[in-house]
Amino acid sequence: MQHVFGPVSSKRLGQSLGVDLLPMKSCTWNCVYCQLGKTREYVTERREFYSPEEILREIRQALQAGSHIDWITFVGSGETLLYKGIGRLIGEVKKITAIPVAVITNGSLLYLPEVRRELLQADAVLPSLNAGSEELYLRIDRPAPGFSFRPHLDGLIAFRREYKGKLWVEVMLLKGMNDSDDALLALSEAMQQVDPDMVHLVLPTRPAPEQQVSLPDTERIERAVSILSAVAPVVHPVKGGMDLGGVVDLLEAVTAIVSRHPVQERELRAALLARFSGDRELAERTLQDLFSSGLFDSVEQAGEVYWIPS
Ligand code: SF4
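Quick caveat, the model's predicted, so the values are computed rather than measured. (Residues numbered from 1 in each chain as written. Predicted model: local features only at pLDDT ≥ 70, side-chain atom pairs only at ≥ 80, totals over all residues. Heavy atoms only, no water.)

### Things to note about the overall build of the chain
On a plain count of helices and strands, the chain comes out with 10 helices and 11 strands. Whereas a compact globule of 310 residues would reach a radius of gyration of roughly 19 Å, the chain reaches 20 Å, a difference of no more than 12%. Dimensions along the principal axes, computed over C-alpha positions, put the chain at roughly 60 × 50 × 35 Å. Within the span of the chain, comprising 310 residues, buried residues form 54% of the whole. Surface accessibility of the chain: about 14200 Å² in total, with carbon and sulfur atoms responsible for 49%. Side chains of the chain carry 33 positive and 41 negative charges; the gap between the two charge centres is 4 Å. (Helix = DSSP H or I, 4+ residues; strand = E, 2+ residues; numbered from the N terminus. Rg over C-alpha atoms; globule rule 2.2 N^0.38 Å. Buried < 20%, exposed > 50% of the residue type's maximum accessible area, 1.4 Å probe, protein only. Areas by Shrake-Rupley, 256 points an atom, 1.4 Å probe, with all protein chains shown as cover. Lys, Arg positive; Asp, Glu negative; His and termini not counted. Charge placed at Lys NZ, Arg CZ, Asp CG, Glu CD.)

What follows is the structure in structure tokens.
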């Protein structure tokens, strides 16, 4: 298949069937962290790069294979929304399956009303917001001439007002670029204007074209989680087993963890099971007692239940 790949296991979207709508690498940006390599030539004009029938035929074929799929995800070898007619594709996919549709985008074209309209039927949209200032936006995202920070942010804000689905904004955290307190506070202010349902904090764990790209220190990651959590629940970029073994006051400990970042219910259940030496009944009862305290809410994302502060 030329356009459809997977399903691949994704932390954010479970089993995700990817649909690539673009020739490699067609993008409005040239991010310092891009795993696809440098953007040799910017593409800014929207086009129907491939026939929609060809793409839909591949999606149908992949669905017939019968694998478990949590999401059908439009994610390109570049900027997904450059595909003119993505709205029609989403509509057609919805006619053939009840599997939810996600769109991963850099969000740079959301300032255009016709682009925003094309996304209204998607179940989740995951745009990028890596900076809270023009200076950092130019340094990290390195957009094509004519693109600037304010229209990018305004596009996200306008989209949020019009869109009823899940808006999960992605932030790539980069050492020495957007991980300082100043940068994070500016980002948080911008994020507040967007008002997403969740923030997905991600790290540059794959090879990047630029040598200056590196992983932030743990302390900076925690700081980013803490600052951005004031705006929306933040999906922590580092999965780690939770240890509740020696904890005296479980409610206090779980409250402290959940106040810093959303916690997978599955992870919490596993930690309680370990604490109670595999006693499932006790672990489950304790989980329910903790939840009944009223200190937590639960949200679902990609089939995963997260606890957040109530
Ligand atoms: S928006 Fe995505 S594809 Fe485009 S340069 Fe940035 S990371 Fe690469």
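Resuming the write-up.
### Comments concerning unusual backbone geometry
In this model, Gly6 is joined to Pro7 through a cis peptide bond whose omega is 10 degrees. The backbone of Arg142 sits at a positive phi, close to 40 degrees, despite the residue not being glycine. With respect to the helices and strands, Arg142 occurs in the loop between helix 4 (134-141) and helix 5 (149-162).

### Thoughts on the domain arrangement of the chain
Partitioning the chain into domains gives domain 1 (4-235) and domain 2 (250-309). Taking only C-alpha atoms into account, the centre of domain 1 sits 29 Å from that of domain 2. Taken together, the contacts link 14 residues of domain 1 with nine residues of domain 2. Counting across the domain 1 and domain 2 interface gives zero salt bridges. At the boundary of domain 1 and domain 2, one finds zero residue pairs in polar contact (both at pLDDT 80 or more). (Domains from an automatic or database assignment. Contact = heavy atoms within 4.5 Å. Salt bridge = Lys/Arg side-chain N within 4 Å of Asp/Glu carboxyl O. Polar contact = N/O pair within 3.5 Å; in protein donor to acceptor, adjacent residues only side chain to side chain.)

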